[in-house]
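Listed below, chain by chain, are the residues.
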Amino acid sequence: MNLATLTSDQLLSETKIIVTEERRMTAKLIEHLTEINQRHLFLKLGYSSLFEFVTKELGLSEGATQRRIQSMRLMQDLPETRQAYENGSLSLSNAAKLQSHFQAIKKSGVPKTIEEKKAIAKSAENKSQSECDQMLFGLAPELPKPEKARMLSPTVRELKFSISEDLFKKIARLKGLLSHSHPNATLAELMELLVTNHLTKLEKAKGLQPLRVQKCDESNSGETCENPKTPHVKAGKTDKNNLVHTAAKSLPIGIRVALPNAMKQQVWNNANGRCEYEYRGRRCSSRYQLEIDHVHPLALGGSNELSNLKLKCKRHNGFAAIQTLGFAKMSSFRK
Ligand SMILES: [Zn+2]
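Small disclaimer: the values here were computed from a predicted structure and weren't measured. Residue positions are given per chain, counting from 1 as you read along its sequence in written order. For this predicted model, a pLDDT threshold of at least 70 governs which residues receive local features, and a threshold of 80 or more governs which side-chain atom pairs are given and counted, while totals over whole chains, interfaces and linings are taken from all residues. Side-chain numbers come from the whole structure's heavy atoms, not from hydrogens or water.

**Looking at the pattern of salt bridges**
- Salt-bridge detection follows one rule: a side-chain nitrogen of Lys or Arg within 4 Å of a carboxyl oxygen of Asp or Glu. The final tally for this structure, using the stated rule, is 15 salt bridges.
- E21 is paired through a salt bridge with R24; the nearest N and O atoms lie 2.9 Å apart. Residue E21 and its partner R24 are located together in helix α1 (residues 8-39), separated by three residues, close to a single helical turn.
- When accessible area is computed with a 1.4 Å probe and restricted to protein chains, residues below 20% of their type maximum are described as buried, those above 50% as exposed, and intermediate ones as partly exposed. Relative accessible area serves as the criterion here: at 35%, E21 is assigned to the partly exposed category.
- The exposure class of R24 is partly exposed, given its relative accessible area of 38%.
- Measuring nitrogen to oxygen at the nearest pair gives 2.5 Å for the salt bridge that ties R82 to E31. One end of the pair, R82, is in helix α5 (residues 80-86); the other, E31, is in helix α1, and 51 residues separate them in sequence.
- The exposure class of E31 is partly exposed, given its relative accessible area of 39%. Helix numbering and strand numbering both begin at the N terminus, where a helix is a DSSP run of H or I of at least 4 residues and a strand a DSSP run of E of at least 2.

Next up, the structure:
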């Protein structure tokens, strides 16, 4: 269609039809994401979260993904908000803001009832983003603002979060104490110093080797590049077959026992501190809530030997257990 041939009225009319259709398709996408989430399909495909699946598999931006997933949760909780979105009275951004607000309220220990949520959601209709922000702030001014992490370049992120006045004063005091060794340290430099020190301490206390990092331009079988300027540090190769294997031999088969620390460290080091779940060559990249999984479950006679142990994120560990033992069996373990 040559748009130049349309009258202005026709052009406006066509545009409004497209906007309505776009909202309808987005609502349909959210419906599909709900089903994918309920089936845990993203876990099967090797993603640790629905967020990771949508950004990497479907190619949506982080912001677009966050808005759709938060809106999905809101629509599950308050189905009437889907209609409000489709008819244009509730924007996707405001739906996501409402859900983040309800989550923060719940975290604070005094969750809203469904009726209260419905009333707040109704109040957010036909409001701009800024008006919605003001309304939600007025309802709970004590709540911390949602944290944001925006990608500025492949190696730089912009973080945005609020802190208490008390923490701000502590930072000022720390800057004073570090003023000789780190004059005029910025907040980012302070954070780098504190995080690196804490990480080093924790890794030492847990006996873990530093994580291997890979260059962007190298083939790495799914490894995530964390710092393209840092050369690889090979780890977890030398003592694979002596220290831990010796410890494993004395561990009983089919019985849950506390694994020796050396063995846990070896599993961690072999996996480079990342979830080892794989599906069709795609490895989960999660470093969050990692657990040791028995590939052949103890309940089915599996052993505690190193060859039967894998590092998995909590979600993939649970997913593997449900696949092997069945949902009903796992539910009874968790009661
Ligand atoms: Zn995982």
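**As for the nonpolar core**
- Residues enter a nonpolar core if they are buried and are Ala, Val, Leu, Ile, Met, Phe, Trp, Tyr or Cys, with the set joined through side-chain atoms within 4.5 Å. Among the nonpolar cores identified, the biggest contains 29 residues, and F42, L50, F53, V54, M72, C275 and Y277 are the most heavily contacted of them.
- Of all the secondary structure elements, the ones that give two or more residues to this core are α1, α2 (41-44), α3 (50-56), α4 (62-77), α12 (261-270) and β6 (309-313).
- In this structure, this core is formed jointly by two domains, domain 1 (3-148) and domain 3 (243-334), each of which donates at least three residues.
- In this structure V54 touches L33, G59, L60, T65 and I69, once residues within four positions along its chain are discounted.
- Core analysis: the second largest hydrophobic core is formed by 13 residues, L78, L90, A95 and F102 among them. The start and end points of each domain follow an automatic or database-based domain assignment. Note on definitions: a residue-residue contact is assigned when non-hydrogen atoms from the two residues lie within 4.5 Å.

**Considering the coordination of the zinc ion**
- Here the coordinating atoms are restricted to nitrogen, oxygen and sulfur within 2.8 Å of the metal centre, or 3.2 Å for Na, K and Ca, and because water is not among them the sites may look incomplete. Summarising the metal site, the zinc ion is bound by the protein donors C275 (SG), C284 (SG), C313 (SG) and H316 (ND1), whose distances to it range over 2.1 to 2.4 Å.
- The rule is simple: four donors are tetrahedral if all their angles sit between 85 and 135 degrees, four are square planar and six octahedral if opposite donors span more than 155 degrees and the others lie between 65 and 115, and anything that fits none of that is irregular. The site at the zinc ion holds four donor atoms, and with the angles between them running 100 to 123°, its shape is tetrahedral.
- Using a relative accessible area of 0% as the deciding quantity, one classes C275 as buried.

**Observations regarding the pairing of strand β1 (residues 148-153)**
- Two strands qualify as a pair provided DSSP detects at least 2 bridges between them. Strand direction decides the pairing type here: β1 and strand β2 (residues 156-160), joined by five bridges, are antiparallel. Looking at β2, one finds that A149 is bridged to L159.
- Between β1 and β2, which pair antiparallel one after the other, the connecting turn spans two residues.

**What to know about the confidence of the model for the protein**
- With 83% of its residues at a pLDDT of at least 70, the protein reaches an overall mean of 84.
- Each residue carries a pLDDT score, the predictor's own confidence in it, on a scale running from 0 to 100. Of the regions scoring below 50 in pLDDT, residues 214-249 engages in 56 contacts with residues more than four places distant in sequence or in other chains.

**With respect to the side chain of H294**
- With respect to the element layout, H294 can be found in strand β5 (residues 290-294).
- In protein, a polar contact means a hydrogen-donor-capable atom and an acceptor-capable atom, both N or O and within 3.5 Å, with residues adjacent in sequence counting only if both atoms are side-chain atoms; elsewhere, any N or O pair within 3.5 Å suffices. Within polar-contact distance, the side chain of H294 engages the side chain of N304 at 2.9 Å.

**Quick look at the packing of helix α6 (residues 92-107) against helix α8 (residues 129-139)**
- All axes are obtained by fitting lines to C-alpha atoms, using only the stretch in contact for helices, and the reported angles, taken between N-to-C directions, cover 0 to 180 degrees. One way to put it is that α6 packs onto α8 with a least axis distance of 10 Å and a crossing angle of 15°. Here α6 lies roughly parallel to α8, going by the angle between them. Between α6 and α8 lies a crossing whose hand is right-handed. In contact with S93, N94, K97, L98 and H101 of α6, α8 contributes Q129, C132, D133, L136 and L139.
- The residue inventory of the contact of α6 with α8, partitioned by class, reads four nonpolar, four polar and two charged. Put simply, angles under 35 degrees are roughly parallel, angles over 145 are roughly antiparallel, angles from 65 to 115 are roughly perpendicular, and the rest are oblique. In this scheme the crossing of two helices becomes right-handed for a clockwise turn of the near helix relative to the far one and left-handed for an anticlockwise turn of less than a right angle. Just so you know the grouping, Ala, Val, Leu, Ile, Met, Phe, Trp, Tyr, Cys and Pro go in nonpolar, Asp, Glu, Lys and Arg go in charged, and all remaining residues, Gly too, go in polar.

**So, α1**
- Here α1 spans 47 Å end to end across 32 residues, near enough to the 46 Å set by a 1.5 Å rise per residue.
- Turning to α1, its buried residues are T26, A27, I30, L33, T34 and I36.
- The inward-facing, buried residues of α1 abut α2, α3, α4, α5 and α6.
- Phi turns positive one or two residues past the end of α1, at H40, with a value near 55°. Expected span, for any helix, means 1.5 Å times one less than how many residues it has.

**Thoughts on unusual backbone geometry**
- A positive phi is found at N184, a non-glycine position, where the angle reads about 55°.
- Following the sequence through the fold, N184 ends up in the loop between α9 (165-177) and α10 (187-205).
- A residue is classified by how much of its surface remains accessible, and N184, at 74% relative accessible area, is exposed.
- Backbone geometry places Q289, a non-glycine residue, at a positive phi of 50°.
- Structurally, the position occupied by Q289 is in the loop between β4 (282-283) and β5.

**Examining the packing of α1 against α4**
- Where α1 contacts α4, the two axes come as close as 9 Å, and the packing angle between them is 80°. With respect to their mutual orientation, α1 and α4 come out roughly perpendicular. Here T26, L29, I30, L33, T34, N37 and Q38 of α1 come into contact with α4, specifically with R68, S71, M72, M75 and Q76.
- Class assignment of the residues belonging to the contact of α1 with α4 gives a composition of five nonpolar, six polar and one charged.

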